[in-house]
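What follows is each chain in one-letter form.
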Amino acid sequence: MTANNHTAVPSRRHFLLHTIAAPATLAGLSTVARCGEPRRPAARHAAKVRGRTTDARVSFFPVPDGNAIDAAVATALIAAVQAPSQTGIGGYGLSAIVSTDGGRQIVAVDANSAAPRSMTRDIFKPGPDGNVPGRINDVGWLAAGVPGVLAGLQLLIDQFGSLKLETLLQPALKITREGFPWPAGYAAAIAAKPIFASDPGSQKLYFRNGAPLAAGEIFRNPELAELLQTLASQNSVGDFYNGGIAQRLADAFKAGGGLVTAADLAAYQATTAAPLVLQHANRSVCTPPLTAGGLSVLQMLQTWLALPPQIHSNPESRLHGMAETMRLAWRDRLTLLGDPAAGDIPATHLLSPEYAGQCAEEIAAAVQSGKIIRHPVQANGQSGTIHISAADDDGNLIALTLTHGNGFGACVTADGLGLTLGHGMSRFDPRPDHPNSPGPAKRPLHNMVPVIALEDSKPQFAIGGAGGRRIPNGIFSVLRAWLGDKTSLDQAVAVPRMHTEGNLSLELTPNSAPADKATLEKPGYSVRTAGAAVLAAQAAF
């Protein structure tokens, strides 16, 4: 469907949704993005750069003479070696959205993990109790697919950066060689999972004298430093996917009982795509399409904006309507969505004004009657991830999310490479008949939601989050306030948040009003106070 001009008169219900699916092209974004292949931004001078990350251990690194994309990539590489629980050089994937030339070009980047070509849809078939036997989809070598992080970072450098990989790798290389004090949380995580002691590569990397590395000890990864130095010397990640490193990684998969082969690594590509765009009045938000999590966020926003005004204005109805808006989007997310390249996914229907109206009517009826919409959806807590947002005074803006999945991903390490692998295959639904089931070369549904927001067609900020399934709901909370209530960015980030994965359990952040819990328990929700996704937003210059 062709998108309209961001400055056009809003359509029915005062919002305009563009579902733009053509890969590697931005035709349809009109004044917000020019048509054609993504092109490298031209720096007029040494750009001023600023940015934020979701992890206090990983400081944003503005590279001398680089632009916002260079800085985000350098920071991502630092995170890959300094935050090995959340992401890594062997991390399963990244998702990004980049705005260049003051918003005239906006491009989404997908570097999600791909399943090996020998993976079958029933490989993780649940047992009679509903669980995957041995949790082989969550930990171990079968849980790891083709790592996408490096391919995604190389694409960002090639198409949007101003510096070379060799330069951007230097800060990460320094940390990898010199080491850093091992955090207490990492020490506890390693000690709590027996697989680290039984996996040879992990045992070598994370243990000292037969015991897990203690908090405060200096952690170094000389094997990973050697790998990174090879890539820096070649000024390319090519060897990781099609060369000596790729063969060594494939050999490690085979030795560990995994499925990824040298051919799988050679076939992998990070890709660009046109973003999904939702406009409401003079404000709009852009986010990557499936398999990223932004479709569900836009579905929530559309439904929320379509609700009757009396639901928005009444505090109790507003809370009930918000919970049901999120629950319906999660119901659809967990039952209908998957890799659109591998099957028919009803993305256009879910993002249509007609479906938003249908959901709004259903929610309004439930709110009016004081009841809950019933549907059988099960929660499955997922965590992990790190996000980086950056801007520069040349008009570039980037939101970049990277992940291992849950802590330390698959919890296995390629011996000789110092490469702990993410568990991207855990993001598939293990049921063979599900749209998000495993399959040859499929990419699983994930929770990363990088966003760029615009006002009057001018980029305003980049935002994303860390926290697994809490990310989509956290981003929805911010954009609901900024887009629907016309708040400032700071006000939107500060609003109380709600979390649900479609079932009857709700979580409220500690800054919620004291009466909110009782209000939501009245219709029958189970409500508790809990933390939320950690967000990192960076305003444009």
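Look above for the structure.
Residues numbered from 1 in each chain as written. Predicted model: local features only at pLDDT ≥ 70, side-chain atom pairs only at ≥ 80, totals over all residues. Heavy atoms only, no water.

Asks: A description of the sheet that holds strand β2 (residues 49-53) should follow, citing residues and the corresponding values.
Replies: Spatially, the 6 strands line up as an open sheet ordered β2-β12-β13-β3-β4-β9, and their pairing is antiparallel. Only two strands of the sheet have a single neighbouring strand rather than two, namely β2 and β9 (271-273). For this sheet, the mean inter-axis angle between neighbouring strands, taken without regard to orientation, is 15°. The sheet contact formed by strand β3 (residues 93-100) and strand β13 (residues 397-403) spans 7 bridges and is antiparallel. Residue Leu 94 lies in a different strand from β13, and its bridge partner there is Leu 402. Packing against the sheet, helix α1 (residues 68-82) makes contact with β2, β3, β12 (386-392) and β13, and its axis sits at approximately 155° to β12. In this fold helix α2 (residues 149-160) packs onto β3, β4 (105-111), β9 and β13, with an angle of close to 15° to the strand it touches most, β3. (Pairing = 2+ DSSP bridges. Helix = DSSP H or I, 4+ residues; strand = E, 2+ residues; numbered from the N terminus. Axes fitted to C-alpha atoms, helices over the stretch in contact; angles between N-to-C directions. Contact = heavy atoms within 4.5 Å.)

Asks: Explain the pattern of salt bridges to me, and be specific about the residues and the numbers.
Replies: Applying the stated criterion across every chain yields a total of 17 salt bridges. Arg 57 is paired through a salt bridge with Asp 55; the nearest N and O atoms lie 3.3 Å apart. Looking at Asp 55, the relative accessible area reads 7%, which means it is buried. (Salt bridge = Lys/Arg side-chain N within 4 Å of Asp/Glu carboxyl O. Buried < 20%, exposed > 50% of the residue type's maximum accessible area, 1.4 Å probe, protein only.)

Asks: Please set out the packing of α1 against α2 residue by residue, giving values where relevant.
Replies: The N-to-C vectors of α1 and α2 enclose an angle of 160°; their axes lie 10 Å apart at closest approach. By the angle between their axes, α1 is roughly antiparallel relative to α2. Judged by the sense of rotation from one axis to the other, the crossing of α1 with α2 is left-handed. Mapping the contact onto sequence places Ile 69, Val 73, Ala 76 and Leu 77 in α1 and Leu 150, Leu 153, Leu 156, Ile 157 and Phe 160 in α2. Looking at the contact of α1 with α2 residue by residue, the class counts come to 9 nonpolar, no polar and no charged. (Parallel < 35°, antiparallel > 145°, perpendicular 65-115°, else oblique. Left-handed = near helix turned anticlockwise from the far one by under 90°. Nonpolar A, V, L, I, M, F, W, Y, C, P; charged D, E, K, R; others polar.)

Asks: Could you give me a rundown of the side chain of Thr 325, with the residues and numbers involved?
Replies: Checked against the element boundaries, Thr 325 lands in helix α13 (residues 315-336). Residue Thr 325 is classed as buried on the basis of its relative accessible area, which comes to 2%. In this structure the side chain of Thr 325 is engaged in a polar contact, spanning 2.7 Å, whose partner is the backbone oxygen of Gly 321. (Polar contact = N/O pair within 3.5 Å; in protein donor to acceptor, adjacent residues only side chain to side chain.)

Asks: A description of the sheet that holds strand β20 (residues 526-529) should follow, citing residues and the corresponding values.
Replies: Taking strand neighbours across the sheet as the criterion, the 3 strands line up as β18-β19-β20 in an open arrangement whose pairing is mixed. The open sheet terminates on both sides in strands that have one partner only, identified here as β18 (498-499) and β20. Sheet analysis places strand β19 (residues 505-508) next to β20, joined by 4 bridges and oriented parallel. Its bridge partner being in β20, Glu 507 is matched across the sheet by Arg 528.

Asks: Can you lay out unusual backbone geometry for me, pointing to particular residues and giving the numbers?
Replies: The omega angle of the peptide bond from Leu 290 to Thr 291 is 20°, so this bond is cis rather than trans. A positive phi angle, close to 55°, is found at Asp 101, a residue other than glycine. Here Asp 101 shows up in the loop between β3 and β4. If you check the backbone angles, Ala 441 has positive phi at about 65° while not being a glycine. Relative to the helices and strands, Ala 441 resides in the loop between β15 (419-420) and β16 (451-455).

Asks: Can you tell me about the side chain of Thr 303, naming the residues and giving the values?
Replies: Along the chain, Thr 303 turns up in helix α11 (residues 294-306). The exposure class assigned to Thr 303 is buried, which follows from its relative accessible area of 4%. Here Gln 299 takes part through its backbone oxygen, which lies 3.0 Å from a polar atom of the side chain of Thr 303.

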